[in-house]
Amino acid sequence: MVTIGSVAANFTRDLEQNFATIADFVTRARRRGVDFLVFPEAAIGGYLSSLGNHGDTVKTTTRSLPPAIRLDGPELARVREIAGDVIVAIGFCELGEDGETRYNAAVLLDGERIYGSYRKVHQPLGENMSYAAGDGYGIFDTPVGRIGLQICYDKAFPEAARMMALGGAEIIASLSAWPAARTATAENLQDDRWTYRFNLFDTARALDNQVFWVASNQSGSFGSLRYVGNAKIVDPGGNVLATTALDSGLAVAEVDVEGTFTAMRAGMFHLRDRRPDVYGPLVADDTAAAAWREIAHA
């Protein structure tokens, strides 16, 4: 059995406050026997203050951007010290090898080691003004299972989660700073259309791939963004085992990874029953895909 925790909390540019929040959640998680704890996107240094045509760009100023952190830097060393025997996934702004390029990144670590890291591939609403995009997905072996990492908008692309599932991922951690809709926001944020999409993607990706899905998210607000929380753990059948709903907090669930996989995949096993021979247009370039669309609609 493995106990998984997922965090909904608010993180800003105040690193000391961020570290205090991280330490508080690790303490709470440890008391509840959590083996694997997932923090949100940009938990170290906060996310952008707005999306779209915003001012958080290197072209204008770096003052409003989160601090750029190296994998071997003191910030992640501090998180490792806090984590101890708990395996943690956490989001941050990574400084690239050239010393200039920034990536929206996540890392998987504990007090002993860094298991792996990931740079966000899919960028929404002008995020490319502030970050370079990653170019691949990693799956990492840990004492709690084989874990894949995604960040926020990645969850809208079923191909990303499917690649991880095909690579043997048993647990996919989806770290987010997912806000409410920018226009026509619902009076009750739980009914907001972006909240609905966030939750639907989580259950769909878990069920699509028959994996455990752990969704963390920021809560509260930062800049012009109001976050929707809803950190959760979803089982391979698409059932939400625990959630924070809109609140800041810790969602916790104890799961039997091996036993659940055996039961879920004994009958309908989505990965086994795929038909890659008919999926060609999914991986075709834009020109080839356009040609296929013309043939399909002829």
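Look a little higher up for the structure.
Residues numbered from 1 in each chain as written. Predicted model: local features only at pLDDT ≥ 70, side-chain atom pairs only at ≥ 80, totals over all residues. Heavy atoms only, no water.

Asker: Can you walk me through the pairing of strand S3 (residues 87-95) in this structure?
Answerer: Looking along a regular strand, one sees the side chains alternate between the two faces of the sheet. In terms of burial, S3 is largely enclosed, as nine of its nine residues are buried. In this structure, S3 lies alongside strand S4 (residues 102-109), joined through eight bridges in antiparallel fashion. Directly across from Val88, in S4, lies its bridge partner Leu109. As consecutive antiparallel partners, S3 and S4 are separated by six residues, and within that stretch Gly99 has a phi angle of approximately 80°, a positive value. (Buried < 20%, exposed > 50% of the residue type's maximum accessible area, 1.4 Å probe, protein only. Helix = DSSP H or I, 4+ residues; strand = E, 2+ residues; numbered from the N terminus. Pairing = 2+ DSSP bridges.)

Asker: Is there a simple way to think about the packing of helix H3 (residues 158-166) against helix H4 (residues 193-209) in this case?
Answerer: Helices that pack against each other are described as a pair by the angle of their axes relative to one another and the distance between those axes. Close contact between H3 and H4 brings their axes to 10 Å; oriented N to C, the two are set at 40°. The pairing of H3 with H4 is recorded here as oblique in orientation. Here H3 and H4 pass one another in a crossing that is right-handed. In contact with Pro158, Ala161, Arg162 and Ala165 of H3, H4 contributes Arg205, Asp208 and Asn209. (Axes fitted to C-alpha atoms, helices over the stretch in contact; angles between N-to-C directions. Parallel < 35°, antiparallel > 145°, perpendicular 65-115°, else oblique. Left-handed = near helix turned anticlockwise from the far one by under 90°. Contact = heavy atoms within 4.5 Å.)

Asker: For this particular structure, what's the right way to read the packing of helix H1 (residues 15-31) against helix H2 (residues 74-83)?
Answerer: At a minimum axis separation of 9 Å, H1 and H2 run at an interaxial angle of 25°. Taken together, the axes of H1 and H2 are roughly parallel relative to one another. As H1 runs across H2, the sense of the crossing is right-handed. Taken together, the residues of H2 that come into contact with H1 (itself represented by Glu16, Phe19, Ile22, Ala23, Val26 and Arg30) are Glu75, Arg78, Val79, Ile82 and Ala83.

Asker: What's the story with the environment of His270 in this structure? I'm lost.
Answerer: Structurally, the position occupied by His270 is in the loop between helix H5 (257-264) and helix H6 (286-296). Given the relative accessible area of 28%, His270 is considered partly exposed. A C-alpha to C-alpha distance of 7.1 Å links His270 and Asp208, two positions 62 residues apart in sequence. Not counting residues within four places of it along the chain, the set of residues in contact with His270 comprises Leu207, Asp208 and Gln210. Side-chain polar atoms of His270 contact the backbone oxygen of Asp208, separated by 3.0 Å. (Polar contact = N/O pair within 3.5 Å; in protein donor to acceptor, adjacent residues only side chain to side chain.)

Asker: Just to check I follow, could you spell out the packing of aromatic side chains for this structure?
Answerer: Ring pairs (aromatic) are described by centroid distance and by the angle formed between their planes. The tally for this structure, following the rule as stated, stands at seven aromatic pairs. Consider the rings of Phe25 and Phe39, whose centres lie 6.4 Å apart with planes at 90°: the pair is edge-to-face. Here the residue Phe25 occupies a position in helix H1, and Phe39 occupies one in the loop between strand S2 (36-38) and H2, the gap between them amounting to 14 residues. Aromatic rings pair up to connect Phe11, Phe25 and Phe39 into one cluster. Here the basic side chain of Lys155 rests over the ring of Phe198, its NZ or CZ set 3.5 Å away from the ring centre. (Phe/Tyr/Trp six-rings, centres within 6.5 Å; stacked < 30°, edge-to-face > 60°. Lys NZ or Arg CZ within 6 Å of the ring centre and 35° of its normal.)

Asker: Help me understand the pattern of salt bridges, please; the structure alone is not making it clear to me.
Answerer: Oppositely charged side chains are able to pair whenever their charged atoms sit close together. Under the defined criterion, the tally for this structure stands at 13 salt bridges. Ionic pairing is found between Lys120 and Glu41, a salt bridge with its closest N-O pair at 3.3 Å. Of the two residues, Lys120 is situated in the loop between strand S5 (114-119) and strand S6 (139-142) and Glu41 in the loop between S2 and H2; the sequence distance between them amounts to 79 residues. For Glu41, a relative accessible area of 1% puts it in the buried group. One network of salt bridges, with partners in common, ties together Glu41, Lys120 and Glu127. (Salt bridge = Lys/Arg side-chain N within 4 Å of Asp/Glu carboxyl O.)

Asker: Looking at this model, I keep getting lost on the nonpolar core. Mind explaining?
Answerer: In summary, soluble globular proteins display a tendency toward joint burial of nonpolar side chains. Counting residues in hydrophobic clusters, the biggest one holds 49 residues, and the most contacted among them are Ile4, Phe36, Leu108 and Leu149. Not counting residues up to four positions away in its chain, the partners in contact with Ile4 are Val34, Phe36, Ile171, Val214, Ile233, Ala251, Val252, Ala253 and Val255. Ranked by size, the runner-up nonpolar core spans 26 residues in total, among them Phe19, Val34, Leu37 and Phe39. (Core = buried A, V, L, I, M, F, W, Y, C linked by side-chain atoms within 4.5 Å.)

Asker: What should I look at first to understand a nonpolar patch on the surface in this one?
Answerer: On the surface, Val278, Tyr279 and Leu282 cluster together into a nonpolar patch covering about 290 Å² of accessible area. Assessed through its relative accessible area of 58%, Leu282 is described here as exposed. (Patch = residues over 30% accessible without salt bridge, like charges linked within 9 Å, V, L, I, M, F, W, Y side chains within 5 Å. Areas by Shrake-Rupley, 256 points an atom, 1.4 Å probe, with all protein chains shown as cover.)

These results come straight from atomic positions and should not be treated as a statement about function.
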